[in-house]
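Below are the chains, spelled out letter by letter.
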Amino acid sequence: MVVYLVGAGPGDPELITLKAINALKKAEVVLYDKLANEEILEYAENAKLVYVGKQAGQHYKTQDEINKLLVKEAKDNNIVVRLKGGDPFVFGRGGEEMLALKKEGIKFELIPGVTSAIGAPTTIGLPVTHRGIATSLTLVTGHEDPTKKEKQVKWDFKADTIVILMGISNLAENIAEIMKYKDPSTPVCVIENGTMENQRIITGTLENITEKNIKPPALVVIGHVVDVFKEINQIDE
Ligand SMILES: C[S@@+](CC[C@H](N)C(=O)[O-])C[C@H]1O[C@@H](n2cnc3c(N)ncnc32)[C@H](O)[C@@H]1O
């Protein structure tokens, strides 16, 4: 038995890796989350497909339940794929699943994916680092576990570029915090449904971005790298 922990990429089905496709082709079971594009499940032509993501209005599996199911499927089958959007180790809880497998002595292999945090900006010509403009990058969640006793994210980041995932529902609150440490005129770019046909790009500044109509799934890029995107796309604001 082996479990492949696989990244599906940010949405565009052509951004999955060859290694991921090969794992899906030989899988007996695929446990998958909500994917931006389910077309890639077609590679798993011989597999039982098990959805373990969230479903509106229904009970969804806790991480502990998913870990247990993964271990059970691994014991009952030879080849299991655990498929996640983007990269499993970037806000994907892949690390917890890897540890659960290790604890049970189950063999696993890791197949990275193109994370939306980098792949979505790259696809539109928005570099997350750029010589002379940005030499550092912070990836941060905009939605910390509300059960934590104390918040880990303080928003006082020194990095030149900040990319926020899961950041739309708390955007106004988080941007207000960031403005305590960064100039309100700092450029911002929001990418909705990055790399997908229904992709939307919204630009602004820290000061005005929350006035714009933004819907998840989306990520937020903050920093002067956004000026490079604007130059390439001849956007004057
Ligand atoms: C739970 S995190 C999973 C991230 C994933 N593991 C990755 O590496 O891309 C989900 C968040 O990723 C971002 N995201 C994922 N796919 C996206 C896409 N195609 N366009 C924009 N943001 C996306 C959104 O901020 C969303 O709330």
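Source: prediction; values computed, not measured. Counting restarts for each chain, with residues numbered from 1 along the sequence as it is written. Since the coordinates come from a predicted model, pLDDT governs what is reported: local features require at least 70, and pairs of side-chain atoms require 80 or more to be given and counted, while whole-chain, interface and lining totals use all residues. The side-chain numbers reported here are obtained from all heavy atoms of the structure, hydrogens and water having been left aside.

Q: Would you mind showing me how to read the site of the ligand here?
A: Near is defined per residue: the residue qualifies when any heavy atom it owns lies within 4 Å of the molecule or strand. Near the ligand you find 16 residues, and of these V90, T115, S116, G194 and A218 are the closest. Throughout this description, a polar contact denotes any pair of N or O atoms lying within 3.5 Å of each other; where both atoms belong to protein, one of them has to be capable of donating a hydrogen while the other can accept it, and for residues adjacent in sequence the pair is counted only when both atoms sit in side chains. Take T115: an N or O atom from its side chain is 2.7 Å from an oxygen atom of the ligand. Within the backbone of G194, one N or O atom sits 2.7 Å away from a nitrogen atom of the ligand. Residue exposure ignores everything except the shown protein chains as possible cover, and the areas themselves are Shrake-Rupley values with a 1.4 Å probe. Isolated, the ligand exposes 560 Å² of accessible area, and the fraction of that covered by the protein chains is 81%. Residues are sorted three ways: Asp, Glu, Lys and Arg are charged, Ala, Val, Leu, Ile, Met, Phe, Trp, Tyr, Cys and Pro are nonpolar, and all the rest, Gly among them, are polar. Grouping the amino acids of the shell around the ligand by side-chain chemistry returns nine nonpolar, six polar and one charged.

Q: It is not clear to me how helix α2 (residues 63-76) should be interpreted in this structure. Could you clarify?
A: Along an α-helix, residues three or four positions apart point the same way, because every turn accommodates 3.6 residues. Numbering of helices and strands runs from the N terminus; a helix is a DSSP stretch of H or I covering at least four residues, while a strand is a stretch of E covering at least two. Expected span, for any helix, means 1.5 Å times one less than how many residues it has. For α2, with 14 residues, the first-to-last C-alpha span of 20 Å sits near the 20 Å given by 1.5 Å per residue. Looking at α2, one finds that the buried residues are Q63, I66, N67, L69, L70, V71, E73 and A74. Note on exposure labels: buried denotes an accessible area under 20% of the residue type's maximum, exposed denotes more than 50%, and partly exposed covers the range between, all computed with a 1.4 Å probe on protein chains only.

Q: Even after reading the chapter, I still don't get the sheet that holds strand β10 (residues 218-222), so can you show me in this structure?
A: In sheet architecture, strand pairing relies on hydrogen bonds along the backbone and comes in two forms, parallel and antiparallel. Pairs of strands are assigned from DSSP output, requiring at least two bridges between the strands. Taken in spatial order, the five strands of this open sheet run β6-β7-β10-β8-β9, and their pairing is mixed. In this open sheet, the two strands that pair with only one neighbour each are β6 (137-141) and β9 (200-205). Recorded for the sheet is a direction-independent mean angle of 20° between the axes of neighbouring strands. With five bridges joining them, β6 and strand β7 (residues 161-165) adopt parallel strand pairing. What sits directly across from L137, in β7, is T161. For helices, the fitted axis covers only the stretch in contact; all axes are lines through C-alpha atoms, and the angles between them, taken along N-to-C directions, range from 0 to 180 degrees.

Q: Where do I start with helix α1 (residues 18-26) in this structure?
A: Turning to α1, its buried residues are A20, I21, A23 and L24. Buried residues in α1, looked at end-on, bunch into an arc of 165°, giving them a common side. Opposite the buried face of α1, by more than 90 degrees, sit the exposed residues L18 and K19. Tucked into the core, α1 has its buried residues touching β1 (2-7), β2 (29-32), β4 (79-84) and β5 (107-111). By definition, the arc is the one covered by directions from the helix axis to the C-beta atoms. Note on definitions: a residue-residue contact is assigned when non-hydrogen atoms from the two residues lie within 4.5 Å.

Q: Please clarify how a nonpolar patch on the surface should be interpreted in this entry.
A: Patch membership is restricted to residues that have no salt bridge and whose relative accessible area is over 30%. Joining uses 9 Å for like charges and 5 Å for the nonpolar side chains Val, Leu, Ile, Met, Phe, Trp and Tyr. What counts as a salt bridge is simple: a side-chain nitrogen of Lys or Arg found within 4 Å of a carboxyl oxygen of Asp or Glu. On the surface, F91, I118, L137, L139 and M166 cluster together into a nonpolar patch covering about 380 Å² of accessible area. Here M166 lies in the loop between β7 and α5 (171-178).

Q: Quick question: what am I supposed to make of the packing of aromatic side chains here?
A: Two measures describe an aromatic ring pair: the distance that separates the ring centres and the angle between the ring planes. Any two rings among Phe, Tyr and Trp, with Trp reduced to its six-membered ring, count as a pair given centres within 6.5 Å; such a pair is stacked if its planes are under 30 degrees apart, edge-to-face if over 60, and tilted if neither. Taken as a whole and assessed by the stated rule, the structure comprises two aromatic pairs. Plain terms: the ring middles of W155 and F157 are 5.9 Å apart, the flat faces sit at 80° to each other, and that makes the pair edge-to-face. By relative accessible area, which is 6% here, W155 ends up buried.

Q: Even after reading the chapter, I still don't get the environment of D183, so can you show me in this structure?
A: Along the polypeptide, D183 turns up in the loop between α5 and β8 (187-192). The exposure class of D183 is partly exposed, given its relative accessible area of 47%. In this structure the C-alpha to C-alpha distance between D183 and G223, which are 40 residues apart in sequence, comes to 9.9 Å. A polar contact is formed between the side chain of D183 and the backbone nitrogen of S185, at a distance of 2.8 Å.

Q: Just checking my understanding: could you explain the pattern of salt bridges for this structure?
A: Summed over the entire model, instances satisfying the criterion amount to 14 salt bridges. Across the pair K48 and E73 runs a salt bridge, and its minimum N-O distance is 3.1 Å. Separated by 25 residues along the polypeptide, K48 in strand β3 (residues 48-51) and E73 in helix α2 bring together distant segments of the chain. Taking the relative accessible area as the measure of exposure, K48 reaches 45% and is therefore partly exposed. A residue is classified by how much of its surface remains accessible, and E73, at 7% relative accessible area, is buried.

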